[in-house]
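Here's the letter readout for the chains.
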Amino acid sequence: MTKSDRRTALLFFSPAAVFMILFFVYPMFLLVRDSLFDSKTGTKFVGGENYMTALTSDRFYQSLYNTVIFVIGAVTIELVLGLVLALLLSTGFKGSNLARTLFLSPLMIAPLVCGLIWKFMLNDQFGILNSFLFKLGIIDSPQSILWLSDERFALLSCMIADIWLTTPFMMLVLLAGIQGIPQSLYEAAHIDGANRSQRFWFITLPSLRPVMVVAVLIRMIDAARSFDIIWVLTQGGPNFSSSLLSTMIYNTMARYNQVGYSSALAILFMIALMSICGFFMMRLWNPNKKAV
């Protein structure tokens, strides 16, 4: 590469570099700096005291536990439902285009609006879900289940809203992956006598593995940082039973004005996310492994 080529490459790279410095490197520097100073004054250097406070806080571990349960539960159900819907739509049945449009409609709704919709649907006084369960005879009265004010159901309510909102994303990604599988593989398997179940387990799933890994990783990160739906539905309550790390960081910063402590929580949160994603990719995605 000549000197002129290097200058041209640097010229094209510079806008992206400026963008990264302004909107990633500099904010990260401020975040790390704030985490090392006292939350009250912001001028007293305390080193790792904020991190130790977080790592010895019961509230932190409760929020971390809720985040893990929320992510695993929501993403697992979204993956299963998304795969089922993708397989159904891939058959090309009559009306599949209309069904695809209907299934994708939740993606057009903002998370904040989704939270408001489900807040009304899960209301224990006039919510449609309790009324439906009561008419089916599953519960004794329309007020039997306090979805948003009972510690046993608050986190589950948030998961239901998140699953409804983002399952179409998983369906869309998996449907694209299914349509990208060469039909010659299925034809060869059919000639060899493989039934529909065997074609699914030995062709469809292995071929979808890279797509599934990427989709699950994206959804894991997105679900872990969920805030809008949680805040609209429960604000992390009752008694922090639905508090995620995202809501805890917000409360610490906005309500209690503990800048240093909230910055330390944010950094711990990012480290945890990067560690989980790295482990997930190393264990479940081996690009050199060929599909069976």
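Residues numbered from 1 in each chain as written. Predicted model: local features only at pLDDT ≥ 70, side-chain atom pairs only at ≥ 80, totals over all residues. Heavy atoms only, no water.

## Focus on the overall build of the chain
To be explicit about the condition: Strands here mean DSSP runs of E at least two residues long; helices mean DSSP runs of H or I at least four residues long; both are numbered from the N terminus. The classification of residues rests on relative accessible area computed with a 1.4 Å probe and restricted to protein chains. Under 20% of the type maximum is buried, over 50% is exposed, and intermediate values are partly exposed. Should any heavy atoms of two residues lie within 4.5 Å, those residues are counted as being in contact. Using a 1.4 Å probe, the Shrake-Rupley method yields the accessible areas, and only the shown protein chains count as cover for residues. Counted as positive: Lys and Arg. Counted as negative: Asp and Glu. His and the chain ends are not counted at all. To locate a charge, take atom NZ for lysine, CZ for arginine, CG for aspartate or CD for glutamate.
When its secondary structure is counted, the chain shows 12 helices and 0 strands. The secondary structure elements of the chain, listed N-terminal to C-terminal, are α-α-α-α-α-α-α-α-α-α-α-α. Counting only C-alpha atoms and orienting by the principal axes, one finds that the chain spans roughly 80 × 75 × 30 Å. Taking all 292 residues of the chain together, 39% fall into the buried category. Within the chain, residue pairs in contact and separated by at least 24 positions form 67% of the contacts whose partners lie at least 6 positions apart. When the accessible area of the chain is evaluated, it comes to approximately 17,500 Å², of which 68% is carbon and sulfur surface. Averaging the positions of the 21 positive and the 15 negative side-chain charges in the chain gives two centres separated by 9 Å.

## Topic: the packing of helix H7 (residues 154-179) against helix H9 (residues 196-224)
Going by this rule: Between N-to-C directions, angles span 0 to 180 degrees; the directions come from axes that are lines fitted to C-alpha atoms, helices contributing only their stretch in contact. Roughly parallel refers to an angle under 35 degrees, roughly antiparallel to one over 145, roughly perpendicular to one between 65 and 115, and oblique to any angle outside these ranges. Crossings are classed by handedness, with left-handed meaning an anticlockwise turn of the near helix from the far one by less than a right angle and right-handed meaning a clockwise turn. Each residue is assigned to one class: nonpolar for Ala, Val, Leu, Ile, Met, Phe, Trp, Tyr, Cys and Pro, charged for Asp, Glu, Lys and Arg, and polar for all the others, Gly among them.
It is the contact of H7 with H9, at a shortest axis distance of 9 Å, that shows an interaxial angle of 155 degrees. One element, H7, and the other, H9, form an angle in the roughly antiparallel class. Crossing of H7 against H9: the hand is right-handed. Only Leu208, Val211, Met212, Ala215, Ile218 and Arg219 of H9 make contact with H7, whose side of the interface consists of Asp162, Thr166, Phe169, Met170, Val173, Leu174, Gly177 and Ile178. When the residues that make up the contact of H7 with H9 are grouped by side-chain class, the tally is 10 nonpolar, 2 polar and 2 charged.

## Quick look at the pattern of salt bridges
Stated precisely, the cut-off is as follows: Each reported salt bridge corresponds to a side-chain nitrogen of Lys or Arg within 4 Å of a carboxyl oxygen of Asp or Glu.
Scanning the model with the defined rule gives 6 salt bridges in all. In this structure, the salt-bridge partner of Glu78 is Arg219, at a minimum N-O distance of 2.8 Å. Of this pair, Glu78 sits in helix H3 (residues 58-90) while Arg219 sits in helix H9, and the two are 141 residues apart along the sequence. The burial state of Glu78 is the same as that of Arg219; both residues are buried.

## Focus: a nonpolar patch on the surface
Heads up, the rule is: Each patch is built from residues lacking any salt bridge and having more than 30% relative accessible area; the joining distance is 9 Å for like charges and 5 Å for nonpolar side chains (Val, Leu, Ile, Met, Phe, Trp, Tyr).
A contiguous nonpolar patch, built from Val18, Phe19, Met20, Ile21, Leu22, Phe23, Phe24 and Val25 and spanning about 820 Å² of accessible area, is present on the exposed surface. Within the secondary structure layout, Val25 lies in helix H1 (residues 3-35).

## Observations concerning the nonpolar core
The condition that has to hold: We call a set of buried residues a nonpolar core when its members are Ala, Val, Leu, Ile, Met, Phe, Trp, Tyr or Cys and they connect through side-chain atoms within 4.5 Å of each other.
Counting residues in each nonpolar core, the largest one holds 64 residues, and the members touching the most others are Phe70, Leu174, Leu233 and Leu265. Tallying contributions element by element places H9 first for this core, with 12 residues. Not counting the four nearest positions on each side in its chain, Leu174 is found in contact with Leu79, Gly82, Leu83, Ala86, Leu208, Val211 and Met212.

## Details of the environment of Val259
In this fold, Val259 is placed in helix H12 (residues 259-284). Expressed as a C-alpha distance, the spacing of Val259 and Leu31, which sit 228 residues apart in the sequence, is 9.2 Å. What Val259 contacts, discounting residues up to four positions off in sequence, is Asp34, Ser39 and Met253.

## Overview of the packing of aromatic side chains
Under the convention used in this document: Stacked, tilted and edge-to-face pairs are distinguished by plane angle, under 30 degrees for stacked and over 60 for edge-to-face with tilted covering the rest, among Phe, Tyr and Trp rings (Trp via its six-membered ring) whose centres lie within 6.5 Å.
Summed over the entire model, instances satisfying the criterion amount to 10 aromatic pairs. Summarising the aromatic geometry, the rings of Phe60 and Tyr61 are spaced 5.3 Å apart at their centres and angled 75 degrees between planes, so their arrangement reads as edge-to-face. Taking the relative accessible area as the measure of exposure, Phe60 reaches 6% and is therefore buried. Plain terms: the ring middles of Phe227 and Trp231 are 5.5 Å apart, the flat faces sit at 15 degrees to each other, and that makes the pair stacked. Residue Phe227 is classed as partly exposed on the basis of its relative accessible area of 24%. Looking at Trp231, the relative accessible area reads 17%, which means it is buried. An aromatic cluster is built from Phe227, Trp231 and Tyr250, whose rings are joined through pairwise contacts.

## What to know about the environment of Thr67
Note the threshold: Two N or O atoms count as a polar contact when they lie within 3.5 Å, although within protein this holds only if one can serve as hydrogen donor and the other as acceptor, and sequence-adjacent residues are included solely when both atoms are side-chain atoms.
Residue placement: Thr67 occurs in helix H3. Considering only alpha carbons, one finds Thr67 and Ala223, 156 residues apart in sequence, at a separation of 8.4 Å. In this structure, Thr67 is in contact with Ala224, Leu244 and Leu245, ignoring residues within four places of it in sequence. Polar contacts involving the side chain of Thr67 include one to the main-chain amide nitrogen of Leu245, which spans 3.1 Å.

## What to know about the side chain of Ser242
One can find Ser242 in the loop between helix H10 (228-233) and helix H11 (245-255). Take Ser242: its relative accessible area is 0%, and that puts it in the buried class.

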